[in-house]
Amino acid sequence: NAGVTQTPKFRVLKTGQSMTLLCAQDMNHEYMYWYRQDPGMGLRLIHYSVGEGTTAKGEVPDGYNVSRLKKQNFLLGLESAAPSQTSVYFCASSQPFGLGALNEQFFGPGTRLTVL
Amino acid sequence: RKEVEQDPGPFNVPEGATVAFNCTYSNSASQSFFWYRQDCRKEPKLLMSVYSSGNEDGRFTAQLNRASQYISLLIRDSKLSDSATYLCVVNTYNQFYFGTGTSLTVIP
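Scoring rules and cut-offs
Residues numbered from 1 in each chain as written. Chains lettered and ligands numbered in written order. Predicted model: local features only at pLDDT ≥ 70, side-chain atom pairs only at ≥ 80, totals over all residues. Heavy atoms only, no water. Helix = DSSP H or I, 4+ residues; strand = E, 2+ residues; numbered from the N terminus. Buried < 20%, exposed > 50% of the residue type's maximum accessible area, 1.4 Å probe, protein only. Areas by Shrake-Rupley, 256 points an atom, 1.4 Å probe, with all protein chains shown as cover. Lys, Arg positive; Asp, Glu negative; His and termini not counted. Charge placed at Lys NZ, Arg CZ, Asp CG, Glu CD. Salt bridge = Lys/Arg side-chain N within 4 Å of Asp/Glu carboxyl O. Disulfide = S-S within 2.5 Å.

Engineer: Where do I start with the overall build of chain A in this structure?
Structural biologist: When helices and strands are tallied, chain A shows zero helices and eleven strands. Reading chain A from its N terminus to its C terminus gives the helix and strand order β-β-β-β-β-β-β-β-β-β-β. In terms of its C-alpha atoms, chain A occupies a principal-axis envelope of roughly 45 × 30 × 25 Å. Each of the 116 residues in chain A was classed as buried or not, and the buried ones make up 49%. On chain A, roughly 5,400 Å² of surface is accessible, and the fraction owed to carbon and sulfur atoms is 55%. Distance from the positive charge centre (10 side chains) to the negative charge centre (8 side chains) of chain A: 8 Å.

Written out as structure tokens, the structure is:
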């Protein structure tokens, strides 16, 4: 039982390049989330998904796209990377409130992205 | 107004001390509440959920006051290994809102 995994762990991009971050969970969770964490800002929600085939915007969605084609995977795409997207990206999953005993979030280990 | 606010600290306390962290949230409809711990450059990990009746896990005690929209975490007999950032987290309609975290350093 690996929990939540993220690939890659580190990446350096040049401005304008694109990339996809992959998140996978093996806990059969309905909900999945992408956050970014910047110094002094706390975790900010980029996009989330409440089930396979559904996605929704969070607090800071601009410049990102997501897809949830399979329940266990949630992909985060950067179409044209900008230096402002330099950050640590965390994926998380949870059960909906009322389904899981606690419905807490479980996090992946993070992806450290630098855009030059 | 931010969904969740907490004092960023830092808190520097000697080993064995008792330290308390506080957090307020803005939405009275919030449904569940948590304290997470985050070590430097690592992912947040659940420390404990917070219930209205209050709950204790070893040296850690969490309290929730729904009327005041206030959450607290008490750490007794601090250990060096407690040094970390503590995140207050609130779930409102299945979206999780995070405080910016409170930094704790326990000094020998």
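Engineer: I'm lost on the pattern of salt bridges in this one. Help?
Structural biologist: Side chains that differ in sign of charge can pair as their charged atoms come close. Residue and element names in this part refer to chain A. All chains considered together, the criterion is met by seven salt bridges over all chains. The shortest N-O distance in the salt bridge between Lys71 and Glu30 comes to 2.7 Å. Of this pair, Lys71 sits in the loop between strand S7 (64–67) and strand S8 (73–78) while Glu30 sits in the loop between strand S3 (19–25) and strand S4 (31–38); the two residues are 41 residues apart in sequence, bridging distant segments of the chain. For Arg36, the salt bridge goes to Asp38, with nearest N and O atoms at 2.9 Å. The exposure classification of Arg36 matches that of Asp38, with both residues buried.

Engineer: Would you mind going over the state of the cysteines with me for this structure?
Structural biologist: Throughout this description, disulfide means a covalent bond between two cysteine sulfur atoms. One pass over the structure, following the stated rule, counts two disulfides over all chains. Across the disulfide, Cys23(A) is cross-linked to Cys91(A) (sulfur-sulfur distance 1.9 Å). Note on the Cys23(A) and Cys91(A) pair: the S-S dihedral is about -75°, so by sign convention the disulfide is left-handed. Of this pair, Cys23(A) sits in strand S3 while Cys91(A) sits in strand S9 (residues 87–94); the two residues are 68 residues apart in sequence, bridging distant segments of the chain. We classify Cys91(A) as buried; its relative accessible area is 0%. Bridging Cys23(B) to Cys88(B), the disulfide has an S-S length of 1.9 Å. Its torsion about the S-S bond being -75°, the disulfide of Cys23(B) and Cys88(B) is classed as left-handed. A residue pair is termed long-range when its members are at least 10 positions apart, and Cys23(B) in strand S3 (residues 19–25) and Cys88(B) in strand S9 (residues 84–92) qualify at 65 residues. Here Cys23(B) and Cys88(B) have matching classes, each one buried.

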